[in-house]
Structures are given as structure tokens and as C-alpha cells.
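The chain contents come next:
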Amino acid sequence: MKNGKSVMIVGVGGQGTLLASRLLGAAMVAEGYDVKVSEVHGMSQRGGSVVTYVRYGEKVYSPIIEEGEADIVLAFEQLEAARYLPYLKKDGIVVVNTQKMDPMPVVTGSTTYPEGLLEDMEKKGARVLALDALSLAEEAGSAKAVNVVLIGAMAKSLGGEQEVWLKAIEETVPAKFLEMNRKAFALGWQAV
């Protein structure tokens, strides 16, 4: 997979991980890469873990990312970032929303949400780019735009051209949400 990247997009059901993978895929196709995407849903309808693999490069034969292969883990929530950290390469980056979403064991009171997850990831050697994507999404017009804020932050860290990503947003997002998503992308881009 010459000159390519492997990206895992992780979150919980309803956060927009699938739209994020479509945006990433569309932008990379526009850049001339071969792109493969695979979605793993889990119990997404009930707030369960959702994982999307996106691999792009000169020629990609499989979308599957094994442990230690991901260049980027794009995480919509801290606990999901920690859960998928073993998939990150040694020199990889975690782009993570600082938001915490309580999993069912925390909601029922049988356990507590782990503290210090971002610091633990850094201690394990990950380069962590953490941002309050929820606040930025609300500033853009809707809490549902967290996914596009995170894509903006990731795109900036990749060093790509903003125009390619904005075109991918135009091609992927319904017209009535276009302006909000453009703003969400710009806020994520500026946050890096």
C-alpha cells in the first residue's frame, strides 16, 4: 500500500462514524488513491461500539486493519480511543474528542468511567490530538456535527488541501446541512 494510510474511525452508535468514513473515502478518491472501506457495527443501535476501517494508497487489497497497523485512530469518544489503541502504529496519531459517553456498566453503576485515558495513551507512546469536538460542533450549529469537526482536525494533521475535503463534504452531505458541516470542518481544521 505505497504512500497510503490506514485509518480506524471508532465511536458508538449514532455518532456519525459512517458519514466520517464516507467523507474520508471521497476525499482520498478525489486525490487519486485506491480506497477500501469496511464497517463493523456491533450493537450500534443501542450505543454500542462502531468501527470503520479506511485504507487508501496506490493499490489497496484489503480494508482490514490489524493490531499495530493503523496510522490514525479517529475516536469520537475517549474510552473508544483507549479500546482501539492497540491497533495504532508506534508513530501513529490518535485524533480524539474529549467527550465521555458512559457505557452501560457505568450507567448501571457497576463500574466508573476510567480517569486519565488521554494521559495513559500518551504514556503508551501515542501522539494524542485531543479536542472538544462537541463544543465546536455546537458552535457550528448542531451537536451531530462532531464527526465533521473530527474529520477537519484529522485532515489538517494529514497536511491535505482543504478544498478537496470541502468538495467531499458537498458530495456527501445533504444540501440542507451543507453550510453547518462546512463550518464544522473549518472549526476542526482550525483547532489543530
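Relevant structure appears above.
Report follows, based on the coordinates. (Residues numbered from 1 in each chain as written. Predicted model: local features only at pLDDT ≥ 70, side-chain atom pairs only at ≥ 80, totals over all residues. Heavy atoms only, no water.)

A closer look at the overall build of the chain
Applied cut-off: Helix numbering and strand numbering both begin at the N terminus, where a helix is a DSSP run of H or I of at least 4 residues and a strand a DSSP run of E of at least 2. The size measure is the radius of gyration over C-alpha atoms, and the globule rule it meets is 2.2 Å times the number of residues to the 0.38 power. Relative accessible area decides the class of each residue, using a 1.4 Å probe on protein chains only: under 20% of the type maximum gives buried, over 50% gives exposed, and in between gives partly exposed. Positive charges come from Lys and Arg alone, negative charges from Asp and Glu alone, with His and the N- and C-terminal ends not counted. To locate a charge, take atom NZ for lysine, CZ for arginine, CG for aspartate or CD for glutamate.
Looking only at helices and strands, one finds 8 helices and 6 strands in the chain. Each helix and strand of the chain, ordered N terminal to C terminal, gives the series β-α-β-β-β-α-β-α-α-β-α-α-α-α. Radius of gyration (C-alpha) of the chain: 16 Å, near the 16 Å computed for a compact globule of 192 residues. Every one of the 192 residues in the chain was classed for burial, and the buried ones make up 49%. Averaging the locations of the 20 positively and 24 negatively charged side chains of the chain gives two centres separated by 3 Å.

Observations regarding helix α6 (residues 146-158)
Worth spelling out the cut-off: Given a helix with a known number of residues, its expected span is that number minus one, times 1.5 Å.
Under the 1.5 Å per step criterion, the end-to-end length of α6 is 18 Å for 13 residues, consistent within 8% with the ideal 18 Å. In terms of burial, α6 is largely enclosed, as 10 of its 13 residues are buried. Buried within α6 are the following residues: Val146, Asn147, Val148, Val149, Leu150, Ile151, Gly152, Ala153, Met154 and Ala155. Phi turns positive, to about 80°, at Gly159, one or two residues after α6.

Describing the packing of aromatic side chains
Definition in use: Between the rings of Phe, Tyr and Trp (Trp by its six-membered ring), a pair exists once the centres lie within 6.5 Å; its type follows the angle of the planes, with under 30 degrees stacked, over 60 edge-to-face, and the other angles tilted.
As enumerated under the stated definition, the model contains 4 aromatic pairs in all. Plain terms: the ring middles of Phe185 and Trp189 are 5.8 Å apart, the flat faces sit at 35° to each other, and that makes the pair tilted. One end of the pair, Phe185, and the other, Trp189, are both in helix α8 (residues 178-191), 4 residues apart, so they sit about a helical turn from each other. Relative accessible area serves as the criterion here: at 0%, Phe185 is assigned to the buried category. Since its relative accessible area comes to 13%, Trp189 is described here as buried.

Focus: the environment of Val173
Going by this rule: Here a residue-residue contact requires only that any non-hydrogen atoms of the pair lie within 4.5 Å.
Take Val173: it is sitting in the loop between α7 (162-172) and α8. Sequence separation between Val173 and Arg22 is 151 residues, and the spatial gap between their C-alpha atoms is 9.7 Å. In contact with Val173, not counting residues within four places along its chain, are Leu19, Leu178 and Asn181.

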